[in-house]
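# Report on the structure
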Amino acid sequence: MPESISELVGLLDLERLDEDLFRGSHPSSSEMTRVFGGQVAAQALMAACSSIPAGRNVHSLHAYFLLGGDPSVPIIYDVDRIRDGGSFSTRRVSARQHGEVIFYMTASFHKQESGYDHQDEMPVVPPVEKSIPMIDLLKTLNEDVAEHWKREWAAIDLRYVGDNRSDDDTTRKTVPAVQRMWFRANGDLPDDPVLNACVLTYISDLSLLGTSLLPHGVLIGSPRIQPASLDHAVWFHRPVRADEWLLYDQTSPSATGARGFATANIYAQGGELVASVAQEGLIRPIEPRR
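Everything quoted here is computed from the prediction, not taken from an experiment.

## Here's the deal with the packing of aromatic side chains
Evaluated as defined, the whole model comprises three aromatic pairs. The interplanar angle of 75 degrees and the centroid separation of 5.1 Å between the aromatic rings of Phe36 and Tyr202 together place this pair among those described as edge-to-face. One end of the pair, Phe36, is in the loop between strand E2 (21–24) and helix H2 (37–49); the other, Tyr202, is in helix H5 (residues 193–204), and 166 residues separate them in sequence. Given a relative accessible area of 8%, Phe36 falls into the buried group.

Given below as structure tokens:
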């Protein structure tokens, strides 16, 4: 993954091959055997935004991860201009590698309008300075995992707030799992709403699926499961700065059939609800290889 916020921004600077056709690169130092799903979603959103009339911002995206991405070759993004109406624009983006579609996204854009306004209240949580840096938490579990995190996720500053996991088998599988984190891009971003929305999309795929494993006492990196994002949706409610602290309030109401489902609200530090996210992913139990 990117070693710095500048490398992450560079990943979102797509190469234009033709009208509505783009090529996306990968981090040079990544140890990942598959492309991170958040990277594909963020690059696809950037490709879609390149064709949108001025004054319209993304308000939702819905994506499907069809095949694991190959980090050894670039990804080609093909944008389909579905419609430009009086207030909304719709785009479809296909991501291809080796002649196959690996990812598919539909995104909708809306011009600025005034109207009714309400939101859920941000939960009361410890402030950022009293939350645990993810690298420190991982060190208590496994030094090798902590070093891997330091190498792969240096572009993101993540602080763990806590979760409601329980050792009580009578309750942990009947109460919705809750996991909360503070996060931000680890560096300054330009005053560009498109770039900030894409960076938020990138980060939103990082921890959500793991919430669905809390009731089962399994970590997302465990050799006992085969995890993969299947689909992902983001709704952008209000302007967002991805380089300022955001609270990721994640909940998993269900897991069944080797799939886990989780939803989340993302709040600015001042309490504004800036985005909501939903994801279903594969959490297939497997026997570890000897």
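## Examining the UniProt feature "domain: Acyl-CoA thioesterase-like N-terminal HotDog" (unreviewed entry) in the protein
What UniProt calls "domain: Acyl-CoA thioesterase-like N-terminal HotDog" (unreviewed entry) maps, in this numbering, to residues 33–110. Each end of residues 33–110 is marked by a C-alpha atom, and these two atoms are 37 Å apart; helix forms 17% of the span and strand 53%.

## Description of the nonpolar core
In this structure, Leu45, Tyr77, Phe103, Met105, Val199 and Ile266 are the most contacted members of the largest nonpolar core, which totals 65 residues. When residues of this core are assigned to their parent elements, the largest contribution, nine residues, is made by H2. With residues near it in sequence (within four places) discarded, Tyr77 still touches Asp20, Leu21, Phe22, Gly24, Gln39, Val40, Gln43, Ala44, Ala47, Val93, Ser94 and Ala95. The next biggest cluster of nonpolar side chains, apart from the first, holds eight residues, and it includes Val125, Trp245, Tyr267 and Leu273.

## As for H5
In a regular helix each residue adds 1.5 Å, so twelve residues correspond to 16 Å; H5 covers 16 Å between its end C-alpha atoms and thus fits that length. With respect to burial, H5 is a largely interior element, ten of its twelve residues being buried. Among the residues of H5, those classed as buried are Leu195, Asn196, Ala197, Cys198, Val199, Leu200, Thr201, Tyr202, Ile203 and Ser204. At the N-terminal end of H5, a side-chain oxygen is found 3.0 Å from the backbone nitrogen of Val194, two or three residues along, and the residue is Asp192.

## Concerning H2
Over its 13 residues, H2 extends 18 Å from the first C-alpha to the last, a length consistent with the 18 Å expected when each residue adds 1.5 Å. For H2, the buried fraction is high: 13 of the 13 residues fall into the buried class.

About the cut-offs
Residues numbered from 1 in each chain as written. Predicted model: local features only at pLDDT ≥ 70, side-chain atom pairs only at ≥ 80, totals over all residues. Heavy atoms only, no water. Phe/Tyr/Trp six-rings, centres within 6.5 Å; stacked < 30°, edge-to-face > 60°. Helix = DSSP H or I, 4+ residues; strand = E, 2+ residues; numbered from the N terminus. Buried < 20%, exposed > 50% of the residue type's maximum accessible area, 1.4 Å probe, protein only. UniProt positions renumbered as here; feature names shortened; annotations may be inferred. Core = buried A, V, L, I, M, F, W, Y, C linked by side-chain atoms within 4.5 Å. Contact = heavy atoms within 4.5 Å. Expected span 1.5 Å × (residues − 1). Polar contact = N/O pair within 3.5 Å; in protein donor to acceptor, adjacent residues only side chain to side chain.

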